[in-house]
Every structure is written in C-alpha cells, then in structure tokens.
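# Structural features, examined
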Amino acid sequence: MRIIVIVLQVNQITKSFNGEDILTNVKLEVQDRDRVALVGRNGAGKSTLLKIIAGEMSYDSGEIIMPKNIRLGYLEQHAGLESKLTIWEEMKKIFSHLINSEKELRALESQMADPVIYEDAEAYARVAATYDELQLAFNEAGGYRFESDIRSILHGMQFFPDDYDKPVQALSGGQKTRLALAKMLLSKPDLLILDEPTNHLDIQTLSFLENYLKNYNGAVLIVSHDRYFLDQVVNFVYEVSRHNVARYVGNYSSYLTQKAKNYELDRKKYEKQQEEKAKLEDFVSKNLARASTTKMAQSRRKVIEKTDWMESPDGDEKSASFGFTIERPSGNDVLRLEEIAVGYPNKTVSSNISFSVYKQDRIALVGPNGVGKSTLLKTIMKQLDAAGGKIQYGTNVQFGYYDQEQAALTGNKTALQELWDEWPLMNERDVRTVLGRFLFTGDDVQKTVSTLSGGEKARLALAKLMLLKANTLVLDEPTNHLDLDSKEVLENALLDFPGTIIFVSHDRYFINRIATKVIELASDDATLFLGDYDYYLEKKEEMEELALENTVVENTVVTKVNTSTIDKEAKKKERQLRRQLEELESKIPTIDAEIATIEEKLCDPAIFQDHEAVQQLQRELDEWKEKQDELSNEWLELQEQLEEIAP
C-alpha cells in the first residue's frame, strides 16, 4: 500500500502589489508523485504563486508548509545557465558529492594495497569496512551510472557528444535555457517546479520532456500554456482566476470538461439568485414608503444587505475578440517551391525543399530547432534571399507576416501610434475600437511598446495582422506568449479565415486544430503529410516500422532454391552450439567449487593472520573469477547465437 506523503501545502496565501490583490486566500496541496498544472490567464498570478512557493517572493498572509527533508528545485521562465565551464563540466557539478566519494574510494583502495595496511590485520579490516560502507552508499546514490544519466538527459535536450566540450557562455539564449532545464532534471529534486518549461523547445525535445516527467520519481508543479503537453503529463489542474484557485482532478482536457459543467451549474444558480434579489428589491422599492408595509420592506432590505450574493460566473475577465478577413482572394496556386535552399551568407541551413501551396491550404512546418523553419518563412517573405532553387508566387497573393520576435513593432511608439501610423486614414475612435478587441482599453493604448509584456506585444502584432486583410497568412510561432484563452480565440479566428495559412509552431494542440497538411523539414529534404499532427505522428510511426521491417528483410537471406541447404546448415550449426554450451556448462561447476574453496580459506582465522598466504589466495581467487567471467560471457554469446537460429 502506497504511503501518501504531502510535499507541499499552501494555506490561505494572500499577496498584493501596490494595494491591488493578486492572490487571495489561495489553497493548494501537492502529494508525492503528483503532476500538478497551474493554469490561468496572463497576469492571473501563476508565476507569482510559484515564486512564493520557491521562497523567492514574500507574501502578505497565510503559510507555506513543506517537510524539512524535501528538496525543492525551481526553474523560472526564460531562465538561462551562465557559466565559464563547458557543458560536460557544468553537468558534472551536480554530482560533485559522488565524484568526491569516488576519489575517497580510490584512496581507500590505495591504502588497502599498501603493505603497511594489509600487513596490519586490524588496520586492514578497519579500512575494508570503511570501503564497503562507502562503496554501498556510492552505488545506491547512482555513482556508477551518473555519467550515463548526464548523457541521456543531454541527448534528450538535443546536446550531443560533439557539444560536450563547448563552453556554456558560447551557447545561444535558447540553448542556455535548455541546458538549465537539463541541469534541473539531473538534480532530481523531490518537488520540481517549472515555469513555462516548454517555451522554445522543438517537438522532439517536448516528447522527451513529457516522457521524463511522466516517469519522474517525485512531485511536479508546472505552469504551461502547452495544452498537448499538459494533457500528456498532469493529473491535477489548479486554475488561478480572479485572485483565487480552484482544483480539478485529471488532465487539461478533463479540466475543460469539468469547468464547462461547473459554469452551467453556476450560471443557473446565479440567475436564480438574481431573480430572487430582483423580487426583493422590487418589493422594497414599492413598499418602503408605505406606512403599512415599511417594516416588511425594511426586513427585506436587511436580507438583501446580509445575503452573500453569488458573483457572476462570467466575472470581469474579458477575452480578446477578433477575426481575419481578406480584401480580395488569391488565385488557386499560391506558392511553388522548387529545390529551395535556405540559410545565411556562407551557411546553408536546409536544402532540397520542394512543395506547392494552394488556396485555403493550412500548412504546418515542423522539424527540429535549427533546421530552418523560420528561415524558410523569411525567405518566402523575401526578407532573406534563397541560397538556391526557385520560388514561384501565384496571382493576387497578399501576404500577412507574423514574426515571433515582433521585429516590426517600434519600441518607442505607443500601442495607439503603432496602429495609427500605419493606417493614418482611420479615425482615433476606430483605432481604439480595434485595440479594445485585443484587450487594450483605456490608458493601455498609451503604453509604449517597449514596456509591453510578451502577451501584449503578441496581441498588438495580431491586431496589425488583422488590419492588413491579407489572403495568405505566414505565421512564425503565433501562440508564443499567448495565454490559453487567447490561444483559443486565435485558433477560432484562423479556422474561420477564408484564405491560406503557412505556419511554424511547436504547439501540437494548435497544429492539430489548424493544419490540414504537415511538412516535415530536414537538413536536406521536405516531406509532405496530408493531415493534422496526429495523422503526421501515425504516418511517421508506420514509416519507421516499415523501415525496420525492410532492414530485417534485407538482412535475412531468402532463397527458395537453397532452402533445404540452409536448413541443414542451420541444424548443423545448432548441434555445434549445443555441444559447446554443454562443454562450458560442465566446466562452470568446477570453477564455482574452486572459488568457494578459496573464499572459505580466506575466512579461516589461521590463514587470515598469514598475510602472504592471504595474498596468494587472493591472486588465485582473482584468476578463477576472471575465468568464471570469461566462461559466462562465452556462454551468453553462444546462447544468443543459438536463439537466433533456433528461437
């Protein structure tokens, strides 16, 4: 029976900034092996709550309870690793205690080989006991496998042996973020807290992280806007909304279902309460002035004042509301890429890219980081020259480009100026209306672009994209920085869009909803899949299985003419192997007996006092054990050969 261990309790936590409540009486519990997601809109207080739990931010009231022996690991959003060491050296720092233990073991081995020690039985026994104790602890702590663990995690985070000697400070920002995540995973804290760990990870790395966290031997608390990732990993969801937190059991999809049901129940309850309240208020307004009914009206008014009326389930949280329209449709042929190579001066990133884009296609470009997906979009938009090949553009094609880096936004302009300067014929009221649809209201429109959050910049860029009324949208990571609610609004707008979409995204949920085709880019190829992301995965799996089957067939000699000859040779080989195995099996008991005899002698106190005799017996024991290992390895090799021809 599993013992339930609570690794974290958050009790009635309240936090405010400049007199404005961010979190109010928040309660949260995490048990060992729980995978918990914190979800909510941007600015709801998710990252604030994580920082409070991690001890990096104070709180106004309440308490955080964690057992003293719990090790907590916290990786904040956009955290990068800064170090003067190489990648391998930086990862080994986590295991410095094991490296020191290994040095102690080597030192003890040197002592046991020292004549001064092994000729002193008491000293030798004392050193040997210390060695055995340390070696056992070293083994249990993973001392013999930590380098293998480092290689495994680095490989999952897309760092390979050729990268190990690279200095950390020479890495890009994205690589430093991935390395920081790798280091956190290797440290294996009891409570792992991750704030947006999936940002800037490619799909292959995301899959690795999902599998790792699903099998993680500890508790995990995550803030993420990646719905596909949350569906795969978490079993509890806490929604941060209107300063409070609500708990849901299950993954993200289950949370959405439960939330919808709760909303309907709350809506009916709220409407019923409002009817009751309206009746009471109506009675008070009609009867308060009458002498005969004043007391009854005053009584009803007290009921109104004392009742804790339910807030509207819609709350005061607003959602963006927008759609994409086109000024005029394009021709049927939008783009044709023929043997395109993309990259930068003196460096080709990807080549041999050929595919066609037709009107109303929704094409997702996928592939590992660095393969040139964003570079290909820039090449299509003529921001970069193709390194080879040819691009043919169709008739009446009008592009609208969304740059994940929002390079088209001007830092010293206000949100209002950003739109108005490009559409000067619009009046101010209409510009403000457009901005309001993207959640810029009141004084928000006067914020300078440089002071906007990532989510606000993303919404501003989408507002400009909407006003273009382009018939072909080229989108580079459009869901980055958007909260879950805004992602859903964007998805619905794109689903209703009557034009063509070419996009790059690591958001698999988004790809599934939008894409009708998936193109996988490799360094020297582009493969088309006619379906959504799930279809792409299925076909990839089928292709891998087929390739494996073909390999097996190629490695198996199949000739009908020589079938009988092959069978005879196989049976002859089988007989030879069985004879060799029998011969080896007859030798093994003799060796085992010799080893047992020597070990028994070494336990004899009379012999134990004779150091020369002990040394001689130890040498003989080592020789017999070496023979035992050789025979065991030989037996295993023969057994494997036998299983291949006679399964």
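It should be emphasised that the depicted structure is a prediction, and the values quoted were computed from it without experimental measurement.

Calculation rules
Residues numbered from 1 in each chain as written. Predicted model: local features only at pLDDT ≥ 70, side-chain atom pairs only at ≥ 80, totals over all residues. Heavy atoms only, no water. Helix = DSSP H or I, 4+ residues; strand = E, 2+ residues; numbered from the N terminus. Rg over C-alpha atoms; globule rule 2.2 N^0.38 Å. Buried < 20%, exposed > 50% of the residue type's maximum accessible area, 1.4 Å probe, protein only. Contact = heavy atoms within 4.5 Å. Areas by Shrake-Rupley, 256 points an atom, 1.4 Å probe, with all protein chains shown as cover. Core = buried A, V, L, I, M, F, W, Y, C linked by side-chain atoms within 4.5 Å. Domains from an automatic or database assignment. Salt bridge = Lys/Arg side-chain N within 4 Å of Asp/Glu carboxyl O. Polar contact = N/O pair within 3.5 Å; in protein donor to acceptor, adjacent residues only side chain to side chain. Expected span 1.5 Å × (residues − 1). Pairing = 2+ DSSP bridges. Axes fitted to C-alpha atoms, helices over the stretch in contact; angles between N-to-C directions. Arc of directions from axis to C-beta. pLDDT = per-residue confidence, 0-100.

Below, the discussion takes up the overall build of the chain. The helix and strand inventory of the chain stands at 21 helices and 18 strands. The globule rule puts the C-alpha radius of gyration for 647 residues at 26 Å, and the 34 Å found for the chain is more than 25% above it. Projected onto its principal axes, the C-alpha coordinates of the chain cover approximately 115 × 75 × 50 Å. Per-residue burial over the chain gives 42% buried out of 647 residues. Long-range contacts, defined here as pairs at least 24 residues apart, represent 68% of the contacts in the chain between residues at least 6 apart. Of the roughly 35,300 Å² that the chain leaves accessible, carbon and sulfur atoms contribute 48%.

Before going further, it helps to examine the nonpolar core. If you look at the biggest cluster of nonpolar residues, it comprises 57 residues, and the most contacted ones within it are Leu 154, Leu 179, Leu 185 and Leu 213. If you count residues domain by domain, this core takes at least three from each of domain 1 (1-81 + 190-250) and domain 2 (83-170). What Leu 179 contacts, discounting residues up to four positions off in sequence, is Leu 81, Ile 87, Met 91, Leu 154, Phe 159, Val 168 and Leu 171.

Taken domain by domain, the chain comprises domain 1 (1-81 + 190-250), domain 2 (83-170), domain 3 (257-306), domain 4 (333-531) and domain 5 (578-645). Computed over C-alpha atoms, the centres of domain 1 and domain 4 are 31 Å apart. With 16 residues of domain 1 in contact, the opposing surface of domain 4 contributes 22 residues. Counting across the interface, domain 1 meets domain 4 through five salt bridges. As a salt-bridge pair, Glu 491 and Arg 227 come within 2.5 Å of each other at their nearest N and O atoms. At the junction of domain 1 and domain 4, the tally comes to seven residue pairs in polar contact (both at pLDDT 80 or more).

The subject of this paragraph is helix H16 (residues 484-495). Over its twelve residues, H16 runs 17 Å from end to end, which matches the ideal 16 Å to within 8%, given 1.5 Å per residue. Regarding H16, the residues found buried are Leu 484, Ser 486, Lys 487, Val 489, Leu 490, Glu 491, Ala 493 and Leu 494.

Of note, Gln 158 is a non-glycine position whose phi angle comes to about 70 degrees, a positive value. Tracing the chain through its elements places Gln 158 in the loop between helix H6 (146-156) and helix H7 (173-187). Judged by relative accessible area, which is 17%, Gln 158 ranks as buried.

Turning to the sheet that holds strand S17 (residues 517-522), a few remarks are in order. Strand pairing in a sheet is mediated by backbone hydrogen bonds. Such pairs are either parallel or antiparallel. The six strands lie next to each other as S14-S15-S16-S12-S17-S18, forming an open sheet whose pairing is mixed. Because the sheet does not close on itself, it has two edges, and the strands there are strand S14 (399-402) and strand S18 (525-529). Between one strand axis and the next, the sheet turns through 15 degrees on average, direction left out of account.

Right, let's get into helix H14 (residues 428-437). Taken together, the buried positions of H14 are occupied by Val 431, Val 434 and Leu 435. Down the axis of H14, the buried set is contained in an arc of 95 degrees. They therefore lie on one face. Buried residues along H14 sit in contact with helix H13 (415-420) and helix H15 (454-468). One side-chain oxygen of the residue at the start of H14 lies 3.2 Å from the amide nitrogen of Arg 429, identifying that residue as Asn 427. Within two residues after H14, Leu 439 carries a phi angle of roughly 70 degrees, on the positive side.

This brings us to the sheet that holds strand S8 (residues 236-241). Pairing is mixed in the open sheet, where six strands are placed in the order S5-S6-S7-S3-S8-S9. What marks the edges here is a single partner per strand, and that holds for strand S5 (72-75) and strand S9 (244-249). In this sheet, adjacent strand axes meet at a mean angle of 15 degrees when their direction is disregarded. Both S5 and strand S6 (residues 191-195) contribute to a ladder of four bridges, which runs parallel. Residue Tyr 74 lies in a different strand from S6, and its bridge partner there is Ile 193. Taken strand by strand, helix H1 (residues 46-53) contacts strand S3 (35-39), S5, S6, strand S7 (219-223) and S8, and its axis lies near 150 degrees from that of S6.

Residue-level pLDDT values for the chain average 88, and 95% of them are 70 or greater. For the chain, helix H20 (residues 605-608) is the element with the lowest average pLDDT, namely 68, and strand S16 (residues 500-504) is the one with the highest, namely 97. Confidence drops under pLDDT 50 across residues 557-562; counting only partners more than four residues distant or on other chains, this segment forms one contact.

For the rest of this paragraph, the subject is the pairing of strand S10 (residues 333-344). Relative to strand S11 (residues 347-358), S10 is paired through eight bridges, and the arrangement is antiparallel. Bridge pairing in S11 places Ile 340 opposite Ile 353. Between the end of S10 and the start of S11, which pair antiparallel, lie two residues, with Asn 346 showing a positive phi angle near 70 degrees. In the sheet, S10 pairs with strand S13 (residues 388-393) via five bridges, with the strands oriented antiparallel. From the neighbouring strand, Leu 337 faces S13, where its bridge partner is Ile 391.

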